[in-house]
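If you want the building blocks of each chain, they are given just below.
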There are 2 protein chains.
Amino acid sequence: MGELKHAATVPAAGKSVTLGTLRLDCGVELGPITIAYETYGRLDAERRNAILVCHALTGDQYAASRHPLTGKPGWWSLMVGPGKVIDTDRFFVICSNVLASCMGTTGPKEVDPATGRTYGLTFPVVTIGDMVRAQAMLLDHLGIADLFCVLGGSMGGMQVLQWAASYPQRVFAAVPIAAAARHSAQNIAFHEVGRQAIMADPSWRHGNYLEEGTVPRAGLAVARMAAHITYLSEAALHRKFGRSLRGGDHVTYRLGPQLPEFEVESYLHHQGSTFVDRFDANSYLYITRAMDYFDLAAEHDGKLANAFIDTPTRFCVVSFTSDWLFPTSESRTIVHALNAVAANVSFVEIETDKGHDAFLLDEPELFNTLSGFLNGAAEHRGLKRP
Amino acid sequence: MGELKHAATVPAAGKSVTLGTLRLDCGVELGPITIAYETYGRLDAERRNAILVCHALTGDQYAASRHPLTGKPGWWSLMVGPGKVIDTDRFFVICSNVLASCMGTTGPKEVDPATGRTYGLTFPVVTIGDMVRAQAMLLDHLGIADLFCVLGGSMGGMQVLQWAASYPQRVFAAVPIAAAARHSAQNIAFHEVGRQAIMADPSWRHGNYLEEGTVPRAGLAVARMAAHITYLSEAALHRKFGRSLRGGDHVTYRLGPQLPEFEVESYLHHQGSTFVDRFDANSYLYITRAMDYFDLAAEHDGKLANAFIDTPTRFCVVSFTSDWLFPTSESRTIVHALNAVAANVSFVEIETDKGHDAFLLDEPELFNTLSGFLNGAAEHRGLKRP
């Protein structure tokens, strides 16, 4: 693993493009916006084999390539690559860093061209809809009229749903995984804990930390630790750590910031501190807020089915039995709405104890499900076999 | 509601007694220890009608009397009082502030007689077993050889189990509610997030904030907010708040420390800030750690049933369907252990959407269950009717 640098100080490696301005849901004209992205595989001559992979809250464009800050393999390297489920010998895969994130796409850590200063909290509040419009601008730039498939987990799944609702003619197939059509009260509450932890850190400087040369490490680490618990299941935490002690058989009866007693505490500390090295605190505030705002039914007169009337898209909705952050009931709500408009939809609830994060992990039933769906859809679209 | 003062600056009202020294599980001789407590009702001539109510993590001795800092009714005023389920016309109810807490019992906010300075982090780490031994010293002082019943929810239920295991001859009946015989990995993880939030607050001053005249308000509030989510169910949060906005129909697209957008955020902020007015941050660290350490089986060669061999106590174990912090499976584990030693045990899982906090709320099935159990047990003990 290479030398670690703070996300704020390193320009993203890889591709990026500066496009026009984007009118945001909040009414602000933002731009010109820059989108940082990666591609894998080759676009076919008919430009019909493109898959857009949408990343989750703290993900990035490095779905299948080495992360420039951590040196680790891409977050979906298990899924995306030559001969893998999302087969880059067959498909042209695009993954772009979402608006308001921190790996090269326009966001609060970038410089506002109007002022010459880092945006910080002057960055406008964005929505999932804004993220998707920015992706559509990228596709226009790449000359891709319509996608073979748009696909993602968690917040990535929210983008998938927004894509299908906003651009039905540009989406042949859609796979929302471990997602929801709106963010629940409990999830908003957990996000707010994370935001309060960040904003309570004096080094946050009311969002102005980059200008002032500080980093709200402690607050961002606490936010990540709290969130990380929600990504796993109780069963997975029990299986991985149980009540194992760091010191072997006996407790130490000590208490202090750096005195974890249980293995699960050390694990959380590690999750917190490594996250701070790769992610920007203000981006965390903006992107969690975008997820909180997400409510696809509200955009369609309160009726989710209205978002999908006459949809030509074929859907594969996936949930995990032990996911308590985006439980199966949320996916069922999506499926019911799709059924109500007679959409082409298959639904798979995968039995696993891995919790919400199962979509990032080695989960053979997920691989089999996606592989079957993608191959079937590719046949329907008449894509060549590799 | 009276004027609010910080917990650290106000001596507890009500009764307190200074007893001898207590040898803690960690090996330290602590003392002389002071126990602050309240009593309700009258001890009968035979001294056989005493009920010990054990409070939860952030509870206190004011189970059925006005809280001296908040001015609010006692935390179990619905349950304890004349003619109520725990009928103070019939029973003599004792509730003492646990060791390491902050309402008058010896804890980190008190002055160490050996140094003349506030304990802070020099306070020794305590266990649920230590809390129970301190309570036993109080009963000795009050001249109560054995309890009619010991009863409590959450951490109170841990104390109930410890009482039954440590002093079987002193416990006629025992009611652990929404409890567990050991703290789970997920619960330890949530506690650690809270502790890290407190210790990350620069005003915490490595535990020395009282000496230095600061209060880690922000960190303690974040800890409380995170914990509070775990006390409710997803369904209860949805029912109470859903996605209701503070501003009515429309989002404001604003972001900042004091700019809650959703009602559930305002509610959490309120939970955080009012908690800081009544609770001590170091006590929070110590008491959460005591819960994390709790593992009754580990004290008995890894077999929970061994904790209850030949128990003369009659048990009523209670859980709530929507409690995901101390789920029914934890109560079943207790019941199985009691069954394995042929103990007298009844088990009730109460259907409710109120989550873990159901034991503090208006939950008629809980009242009926406890009322029936207490009256039956009182008959067996030959207590007079009121």
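Residues numbered from 1 in each chain as written. Chains lettered and ligands numbered in written order. Predicted model: local features only at pLDDT ≥ 70, side-chain atom pairs only at ≥ 80, totals over all residues.

**Student:** How should the domain arrangement of chain A be read in this particular structure?
**Tutor:** Frequently, the measure chosen for interface size is the accessible area removed from exposure when the parts meet. Residues and elements named next belong to chain A. Partitioning chain A into structural domains gives domain 1 (7-186 + 300-381) and domain 2 (191-287). Placing the centre of domain 1 and that of domain 2 at their C-alpha centroids yields a distance of 26 Å. The interface is formed by 28 residues belonging to domain 1 together with 20 residues belonging to domain 2. Looking at the side of domain 1 that touches domain 2, its residues break down into 14 nonpolar, nine polar and five charged. (Domains from an automatic or database assignment. Contact = placed C-beta atoms within 7 Å. Nonpolar A, V, L, I, M, F, W, Y, C, P; charged D, E, K, R; others polar.)

**Student:** Could you clarify how one ought to interpret the interface of chain A and chain B in this entry?
**Tutor:** In this complex, chain A contributes 46 residues to the contact, which on the side of chain B involves 46 residues. Those elements that provide at least two residues to the side of chain A that touches chain B are helix H3 (185-200), helix H5 (217-231), helix H6 (234-240), helix H7 (263-278) and helix H8 (281-293) of chain A. Counting residues per element, the side of chain A that touches chain B draws most heavily on H3 of chain A, at eleven residues. Broken down by class, the residue content of the side of chain A that touches chain B amounts to 29 nonpolar, seven polar and ten charged. (Helix = DSSP H or I, 4+ residues; strand = E, 2+ residues; numbered from the N terminus.)

**Student:** Even after reading the chapter, I still don't get the pairing of strand E4 (residues 34-40) of chain A, so can you show me in this structure?
**Tutor:** A regular strand carries its side chains on alternate faces of the sheet. Residues and elements named next belong to chain A. Most of E4 sits inside the fold, with six of its seven residues counted as buried. Here four bridges tie E4 to strand E8 (residues 92-96), and the two strands are oriented antiparallel to one another. Following the sheet pairing, tyrosine 40 is matched in E8 by valine 93. (Buried ≥ 20, exposed ≤ 12 C-beta atoms within 10 Å, placed from the backbone. Pairing = 2+ DSSP bridges.)

**Student:** Would you explain the relation of the copies chain A and chain B in this entry?
**Tutor:** Both copies of the chain are related through a single rotation about an axis accompanied by a shift along the same axis. For the match of chain A to chain B, the screw axis carries a shift of 0.0 Å, the RMSD comes to 0.0 Å, and the turn is 180 degrees. What the superposition gives is, in effect, a two-fold axis relating one chain to the other. When the interface residues of chain A are mapped onto chain B, 100% of them are again interface residues, pointing to one common binding face. (Least-squares fit on C-alpha atoms with pLDDT ≥ 70 in both.)

**Student:** How should the confidence of the model for chain A be read in this particular structure?
**Tutor:** Predicted coordinates in regions of low pLDDT should not be interpreted in detail. Here chain A averages 95 in pLDDT, and 97% of its residues register 70 or above. Note on residues 1-12 of chain A: pLDDT under 50 across the span, and 26 contacts to partners over four residues away in sequence or across chains. (pLDDT = per-residue confidence, 0-100.)

**Student:** I would appreciate a short explanation of the sheet that holds strand E11 (residues 147-153) of chain A in the present structure.
**Tutor:** Remark on secondary structure: sheet strands pair via backbone hydrogen bonds, oriented parallel or antiparallel. All names here are of chain A. If you walk across this open sheet you meet the eight strands as E1-E4-E8-E5-E11-E12-E13-E14, and the pairing is mixed. Since the sheet does not close on itself, it has two edges, and those belong to strand E1 (15-18) and strand E14 (344-350), each with one partner. Going across the sheet, the axis of each strand differs from the next one's by a mean of 20 degrees, ignoring polarity. Packed onto the sheet, helix H2 (residues 155-166) meets strand E5 (50-54), E11 and strand E12 (171-177) and runs at close to 150 degrees relative to E12. (Axes fitted to C-alpha atoms, helices over the stretch in contact; angles between N-to-C directions.)

**Student:** Help me understand the sheet that holds strand E12 (residues 171-177) of chain B in this model?
**Tutor:** Residues and elements named next belong to chain B. One open sheet accounts for eight strands, arranged E1-E4-E8-E5-E11-E12-E13-E14; its pairing is mixed. This sheet does not close on itself; its edge strands, each paired only once, are strand E1 (15-18) and strand E14 (344-350). Each strand axis lies, on average, 20 degrees off the axis of its neighbour in the sheet, ignoring direction. Sheet analysis places E1 next to strand E4 (residues 34-40), joined by four bridges and oriented antiparallel. Note that in E4 the partner of serine 16 across the bridge is alanine 36. Packed onto the sheet, helix H1 (residues 128-142) meets E1, E4, strand E5 (50-54) and strand E8 (92-96) and runs at close to 60 degrees relative to E4. Sitting on the sheet, helix H2 (residues 155-166) touches E5, strand E11 (147-153) and E12, and the angle it makes with E12 is about 150 degrees.

**Student:** What is the right way to read helix H7 (residues 263-278) of chain B from this model?
**Tutor:** Working note: α-helix, 3.6 residues per turn, so residues spaced by three or four point in the same direction. Its 16 residues place the ends of H7 of chain B 23 Å apart at the C-alpha level, agreeing with the 22 Å of an ideal helix rising 1.5 Å per residue. For H7 of chain B, the set of buried residues is Val264, Glu265, Tyr267, Leu268, Gly272, Phe275, Val276 and Arg278 of chain B. Where the residues of H7 of chain B are buried, they touch H3 of chain A together with helix H5 (217-231) and helix H6 (234-240) of chain B. (Expected span 1.5 Å × (residues − 1).)

**Student:** Help me out: how do you make sense of the nonpolar core in this one?
**Tutor:** A general feature of soluble globular proteins is that nonpolar side chains tend to end up buried together. In this structure, Ile51 and Cys149 of chain A together with Ile51 and Cys149 of chain B are the most contacted members of the largest nonpolar core, which totals 271 residues. With residues near it in sequence (within four places) discarded, cysteine 149 of chain B still touches Ile51, Phe172, Ala173, Ala174, Val175, Leu374 and Ala377 of chain B. (Core = buried A, V, L, I, M, F, W, Y, C linked by C-beta atoms within 7 Å.)

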